[in-house]
Amino acid sequence: MLRLAASFGRLPVLALALVLLAAPALAEPRFDDPPEHSADGGFTLHWEAPGAVVLERASGPDFDDAGVIYEGGDTSRVISGLPDGEYRFRLRAADADEDAWSDRITVVVEHHGLARAFGFFAVGGAVFLVLIVVLLRGRPRG
Amino acid sequence: MTALEDPILPTSLAWGLLAAFSVLWVALGAWLGRRNYTAADHMLAGRNVGLALASATAMATWVTANTTMTAPQLALELGVWGMLGYSLGALGLILFAPLARRIRELMPHGFTSGDFIRLRYGTFTWRVFLGVSLIYAFGWLISMAMAGGVLINALAGIDYRVGMTVILTVCVIYTLLGGLRAVIGTDFIQTVIIIAGAAFLAWMTIDRVGFEAIHFDLMEERPELLSLLFPAAIMFLFNNLLFGVGEIFHSNVWWSRAFAFGRNVGFRAYLLGGLLWLPIPIVAGFVALATPALGINVPAADMVGPLVAAEVLGLTGAIVVFIVVFAALASSLDSLLAATSDLVTRDIYRGHIRPQASEQAQLRATKIIVVLLGLLTWLAASYRGEVPVVGSLAALLYFTGAFVASAIWPIVAGLYWRRANPQAAAWAMLLGSGLGLASYFMIGWYVAALVGAAVSLVVMVAGTWLFPRPFDWDRLAHDDRDASPGRGNPEVAT
């Protein structure tokens, strides 16, 4: 380190030391740009990890009902079909201690209201109905 | 899209399959196109395609990478309604049946959908329509080239650019050699492969996993997928229907077939093609519902179909998926290349650059444009993920929904309403696309086409009701032989 300091000056060495210190933290699995909210009960979780991971899902804040939903070397998982609620996810390296969770996130699922859904359904149905009427008439208008 | 950790298909086997089917399609293209002497032969297969080939090409072209890869994705994301909603795309083909008959009656010598819009509405609306049409066509071409490259990479580990280049090159070569005749001929064979492959996979999935296990695990892990009151899926139903209608009603892929099919063939061909297509997304999408029961991880939603197939059938499943998706991609890529090159030849080269171009000059231009389109598509698809375009296959697909759905009413009103206002047609497309895109970002991808179609309808009806512009239908039949911008339809030119 002293030789390096002599060769390159103090600042780059400090930067190098910071990188080296930070390296173990970066090696732990982390969620990458996790979603916070979903209006259709689905989303994709991405994570960065040097190897295999364990991913768990729970519905309570203390992870009492947590269950493993994925274990392996992929770096993403599609989640879908969830009803309204708050869902917790946590991540750890597959070879880490069972309690050594390196990242946790919460995603709130709040579906569109049925009034809004049926509103769009009605608009779509009306447009479709007009189309059918125009085509069934089958002859030029006027 | 995320590739699988370990390729399922041995690379040498994948290359063998790729080579065998490439040789088959190119040889068929050369053989089928041996009697193409004029631009009409090349672009419209002599205007005399019979019912069997016509139905097969309608159905096979509508089975795209989107059907074979996005139908399972929609089942995974929107459940039972997603799967059934996707199959409503068949109504696009079925409802085009009466339009095909009317198009053939009104324009017996027509070449492209652009011809109709120009003659019916004038230059301004024609240019807006060309913009909508080319954005959609180019987006579709790129997404299919991307899908081919990603699929080959995911299943066999072959480099993305190499796989994408091979598929695109094969399609360019046989479209170039055989024109629409080759496209329709290969579509027939590809249809048989697609139906047999999709049915085989669904049957094997049910046989290996069973309905009871599929239902139980879905209820445990993803219960909303079985709910009939799933709000986003309810919103999606008519959105997908109108998206399909918009894609077919406006695109020259379908208009060129309406011109190419023999007299009285178009109506029955589109009806039959639609009915044949209806179960395909249900069969292809159903396999995705087995995901929880199989306990497989899906890293990217649009890979769920191939993943389930490979899990259930192993190497055999991977081979079947490879062949089915290659056939689906080829049948759509070639159609789109042929139809888009026709549109560019007629509406840009002849319409804007060389109005007096001879038949032979147009034939040469069509071939050059096929190559240029292939090169542009290759260039854009080569930079997948490096260009700030919409993220995934499905996201890109439904992004274009706002554009195409806004074209439904200008087309329908142009064909059936004598007093349809040309300016209203242009504004219906502009406002429909704009508000459809706004809803895409503000509400969700599952409403963009619906909003686009609804806005387009309101603008078209209001514009025509307030400012009616009578039109003489006979002008379409007389002017479509050699009309050019500025002199074809001076009354409606704006």
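All figures in this text were calculated on a predicted structure; none of them were measured in a lab. Think of each chain on its own: its residues are numbered from 1, step by step along the sequence as written. Starting at A for chains and at 1 for ligands, labels are handed out in the order in which the entities are written. Selection of residues for local features in this predicted model requires a pLDDT of at least 70, selection of side-chain atom pairs for listing and counting requires 80 or more, and totals for whole chains, interfaces and linings are taken over all residues. Computation of side-chain values: all heavy atoms of the structure, hydrogens and water removed.

### Examining helix H1 (residues 11–32) of chain B
Residues and elements named next belong to chain B.
Okay, step 1: Helix length check: H1, at 22 residues, gives a terminal C-alpha distance of 31 Å against a target of 32 Å (1.5 Å per residue), a fit within 8%.
Okay, step 2: When a residue's accessible area, from a 1.4 Å probe over protein chains only, is under 20% of the maximum for its type it is buried; when over 50% it is exposed; and in between it is partly exposed. Here a strand is any run of E in DSSP of at least two residues, a helix any run of H or I of at least four, and the numbering for each starts at the N terminus. Residues of H1 that are buried include every one of Ala14, Leu17, Leu18, Phe21, Ser22, Trp25, Leu28, Gly29 and Leu32, and no others. Taken end-on, H1 shows its buried residues confined to a sector of 135 degrees, consistent with a single buried face. Opposite the packed face of H1, turned more than 90 degrees from it, sit the exposed residues Ser12 and Val23. Multiplying 1.5 Å by the helix residue count minus one yields the expected span of that helix. The directions considered for the arc run from the helix axis to the C-beta atoms.

### A few points about the packing of aromatic side chains
Okay, step 1: Classification of ring pairs uses Phe, Tyr and Trp, with its six-membered ring standing for Trp, and accepts pairs whose centres are within 6.5 Å; under 30 degrees between planes counts as stacked, over 60 as edge-to-face, and the remaining range as tilted. Counted by the stated rule, this structure contains 20 aromatic pairs over all chains.
Okay, step 2: Between Tyr136 of chain B and Trp140 of chain B the ring centres are 5.5 Å apart and the planes differ by 35 degrees, which places this aromatic pair in the tilted class. On the criterion of helical spacing, the pair formed by Tyr136 of chain B and Trp140 of chain B is a turn pair, its members being four residues apart in helix H7 (residues 123–156).
Okay, step 3: Accessibility expressed as a relative area gives 3% for Trp140 of chain B, which makes it buried.
Okay, step 4: For the pair Tyr440 of chain B and Phe441 of chain B, a centre-to-centre distance of 5.0 Å together with 80 degrees between the ring planes defines the contact as edge-to-face.
Okay, step 5: What makes Tyr440 of chain B buried here is its relative accessible area of 11%.
Okay, step 6: Using a relative accessible area of 61% as the deciding quantity, one classes Phe441 of chain B as exposed.
Okay, step 7: Within the aromatic cluster, the residues linked to one another by ring pairs are Phe118, Phe121 and Phe128 of chain A together with Phe238 of chain B.

### Remarks on the sheet that holds strand E6 (residues 76–79) of chain A
Residues and elements named next belong to chain A.
Okay, step 1: Strand pairing requires that DSSP identify at least two bridges connecting the strands. Sheet architecture is open: three strands sit in the order E1-E3-E6, paired in antiparallel fashion. Each edge of the open sheet is held by one strand with a lone partner, namely strand E1 (30–31) and E6.
Okay, step 2: Where E1 meets strand E3 (residues 43–48), two bridges bridge the pair, whose relative direction is antiparallel. Directly across from Phe31, in E3, lies its bridge partner Trp47.

That is the geometry; function is a separate question.
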